[in-house]
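Structural description and commentary
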Amino acid sequence: MNPAVRRSLRFVPLLLLPLVPLVDHNNSHIDFLANAGAFILLALGLNIVVGFAGLLDLGYAAFFAIGSYSYAMLASQQFGIHVPFWVMLFAASGIAAIFGILLGAPTLRLRGDYLAIVTLGFGEIVPQTFLNLSQYTNGPNGINSLDSPSLFGHRFGFSATPYFYVMLGLIVIGVLLASNLQNSRLGRAWMAIREDELAARHMGINTTAAKLSAFALGASFSGLAGVAYAAKLDLVSPDQFQFNVSVLVLSMLVLGGMGNIPGVIVGSFALSFINSFLLPQSTNLVHSIGLTWIDFTDYRFMLYGVILVAMMLFRPEGLIPSRQRRAELREALTDPGISAQEQTEYQGAAR
Amino acid sequence: MSFFKLTNVRKTFGGLVAVNDLSFAIEAGSIVAMIGPNGAGKSTVFNLITGIYSPSSGAIDLEGRTLRSLSTDRVTARGIARTFQNIRLFAFMSALDNVMTGCHAQMRASLVDSLLHTPRQRAEERTVRERARELLKFVGLEGDADNYARNLSYGHQRRLEIARALATDPKLLLLDEPAAGMNPREKEGLIALIRRIRDKGVTVFLIEHDMHLVMNLSERVTVLDHGEKIAEGTPEAVRNDERVIEAYLGRADGAA
């Protein structure tokens, strides 16, 4: 069978996903799934930057903030501007992409730890800016009463179901675009940069342009997520975009398998499930039997920590890794054969 | 007009003069070598040519056009490819992907093509894949297309680096110690391969310590010591040059 066909067959069960709201009438479940969808989109975007191009970004929430605030400012009573939701999806992903380039450009010469620190800084600057530009953003109160999207005259309102479908649609598009990118000239260039930047330049790859396109495309995904998430929540405020969001999305990649799209989806769904479903629901459960002093959601970060440490110990390549990453993290550690580098050094010494 | 020319090239790192007033020319379609003791500045010359370093002064021209201030990727697009002294393959990419990456500069797929996999993009991918397979075959690695570069044997990694460099469609190929770490049989294969590359119309400029290979292959040899050219000429002339013997071949552990 054609490998492309076989690959697509794996996704057949996903065709059942649109049926979920028809079967499950519990709005809180659908609400959870829609929120999880936003995080899957974020993870898909961050995966382009970190997984494909190997650029560690610790401030990814900044682009989520930019996407959300774009919608809040351009589709609400705030300035009396009411750009339609569907237009804003495109516009905000463009705006986020531009900021991806602006924030990416100063980091081009940086690598590894240094890049991580600078992106961490950007991740802090952006929410702070929205906080302090209070004449435009209402500071800590944020912007509320955003325009409710409508489709064919049907307003979304406060039901989670339409947002569920919006997220699902955006994820499908996101997965297609991301996997197309991965298997293209640009995707190969990113991979080459990740492996050996100097050699990549000798292949005729303009590493500046390639890295900037990774930042821009990665950011554009969070622009989409930001608009959909803001519209669904009907509110944006600076505290939604703190450092912990950047860390959460990065943890999703680590858990699922960096660089591998199915892994990224599984990882982000799993962490969303723990974060927004398992912990609150189990807290409700113990409250209902009278143990009101227990709140599992307080232990969320401890739990992430435990999960990440356990992953690093037992499965550093993630739950569903790419073949490449598994090889990097497994063979490289266990292969007794000496590497090309060591061999050269040995020969250099022998000469 | 020479095909490729260095004119009074000088490179200093702080107070250290790595390359001093170096001039030489290479004729199109030839195989030339640069030899010299370790630390003579040979690899620095390659780095100057490919734009990793920019010369402190002097000019480097390919086909009468200057390469000065071009970034490395632009130098590659102009038609200069190289291999590295300590192999720098993309270790966790397949041999085929390594070679396809080398085709990057010839490919036209835009960002939109890459995002949407337009028919144009798919056709180009097929062409490039085919070309990469041919190049793997050319260097004798057709059986290793799907293996990770790092899992290839040392000699095969050297060949893969050459295939990847050829994928950039160079006019001038720079080989930095291509025979290092090869056994005598592999070296004979390499000599034949380099001749075949030249017969395709690619000019070859190599750095090598293996005198058997240098004397066998090259039409002209430039000898570098402490960043300066101390001799240039046919292998025969260089072999008998007083200064070369003194600087290089005369050493007790020198190969001759």
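Residues numbered from 1 in each chain as written. Chains lettered and ligands numbered in written order. Predicted model: local features only at pLDDT ≥ 70, side-chain atom pairs only at ≥ 80, totals over all residues.

Helices and strands together make up the secondary structure of chain A, namely 16 helices and four strands. Whereas a compact globule of 351 residues would reach a radius of gyration of roughly 20 Å, chain A reaches 22 Å, a difference of no more than 12%. Taking the contacts inside chain A whose residues are at least 6 apart along the sequence as the reference set, 76% of them involve residues at least 24 apart. (Helix = DSSP H or I, 4+ residues; strand = E, 2+ residues; numbered from the N terminus. Rg over C-alpha atoms; globule rule 2.2 N^0.38 Å. Contact = placed C-beta atoms within 7 Å.)

Another point: the pairing of strand 2 (residues 16–26) of chain B. Residues and elements named next belong to chain B. Bridge count between strand 1 (residues 4–13) and strand 2: seven bridges; the pairing is antiparallel. Residue pairing across strands places Thr12 opposite Val17, the latter belonging to strand 2. Taking the residues between adjacent antiparallel strands as the criterion, strand 1 and strand 2 are bridged by two residues, where Gly14 takes a positive phi near 60°. (Pairing = 2+ DSSP bridges.)

The subject of this paragraph is unusual backbone geometry. The residue Asp234 of chain A is not glycine, and still its phi comes out positive at about 70°. When you line up the elements, Asp234 of chain A lands in the loop between helix 11 (207–233) and strand 4 (235–236). Judged by the 17 C-beta atoms lying within 10 Å of it, Asp234 of chain A is partly exposed. A positive phi angle is found at Ser69 of chain B, which is not glycine, with a value near 60°. In this fold, Ser69 of chain B is placed in the loop between strand 5 (65–66) and helix 2 (72–78). Residue classification places Ser69 of chain B among the exposed residues on the basis of 9 C-beta atoms within 10 Å. (Buried ≥ 20, exposed ≤ 12 C-beta atoms within 10 Å, placed from the backbone.)

Residue and element names in this part refer to chain B. Read across the open sheet, the six strands follow the order 6-7-8-3-9-10; overall the sheet is mixed. Looking at strand neighbours, the two that pair on one side only are strand 6 (80–82) and strand 10 (228–233), the edges of this open sheet. When strand polarity is set aside, the average angle formed by the axes of neighbouring strands in this sheet is 20°. By the bridge criterion, four bridges tie strand 3 (residues 31–35) to strand 9 (residues 220–225) in an arrangement that is parallel. Bridging from a neighbouring strand, Val32 pairs with Arg220 of strand 9. Sheet strands in contact with helix 7 (residues 184–199) are strand 3, strand 7 (172–176) and strand 8 (203–207), and its direction is about 145° off that of strand 8. (Axes fitted to C-alpha atoms, helices over the stretch in contact; angles between N-to-C directions.)

Take the interface of chain A and chain B next. Many authors give the size of an interface as the accessible area that is lost as the parts come together. On the side of chain B, 35 residues touch chain A, which itself brings 30 residues to the contact. Contributions of two or more residues to the side of chain A that touches chain B are made by helix 8 (161–182), helix 9 (185–195), helix 10 (197–202), helix 15 (323–334) and helix 16 (340–350) of chain A. Each residue belonging to the side of chain A that touches chain B can be placed in one class, and the counts come to twelve nonpolar, eleven polar and seven charged. (Nonpolar A, V, L, I, M, F, W, Y, C, P; charged D, E, K, R; others polar.)

All names here are of chain B. Domain annotation of chain B identifies domain 1 (1–79 + 170–256) and domain 2 (92–169). Between the C-alpha centres of domain 1 and domain 2 there is a distance of 27 Å. Facing ten residues of domain 1, the contacting portion of domain 2 comprises ten residues. Of all the elements, helix 7 adds the most residues to the side of domain 1 that touches domain 2, at three residues. Partitioning the side of domain 1 that touches domain 2 into residue classes produces seven nonpolar, two polar and one charged. (Domains from an automatic or database assignment.)

Turning to the sheet that holds strand 4 (residues 57–62) of chain B, a few remarks are in order. Residue and element names in this part refer to chain B. Taken together, the four strands give an open sheet; going across it, the order is 2-1-4-5, and neighbouring strands pair in antiparallel fashion. The sheet is open, and its two edges are formed by strand 2 and strand 5, each paired on a single side. Pairing between strand 4 and strand 5: two bridges, direction antiparallel. Across the sheet, the residue bridging to Asp61 is Thr66, located in strand 5. Sitting on the sheet, helix 1 (residues 42–49) touches strand 1, strand 2 and strand 4, and the angle it makes with strand 2 is about 70°.

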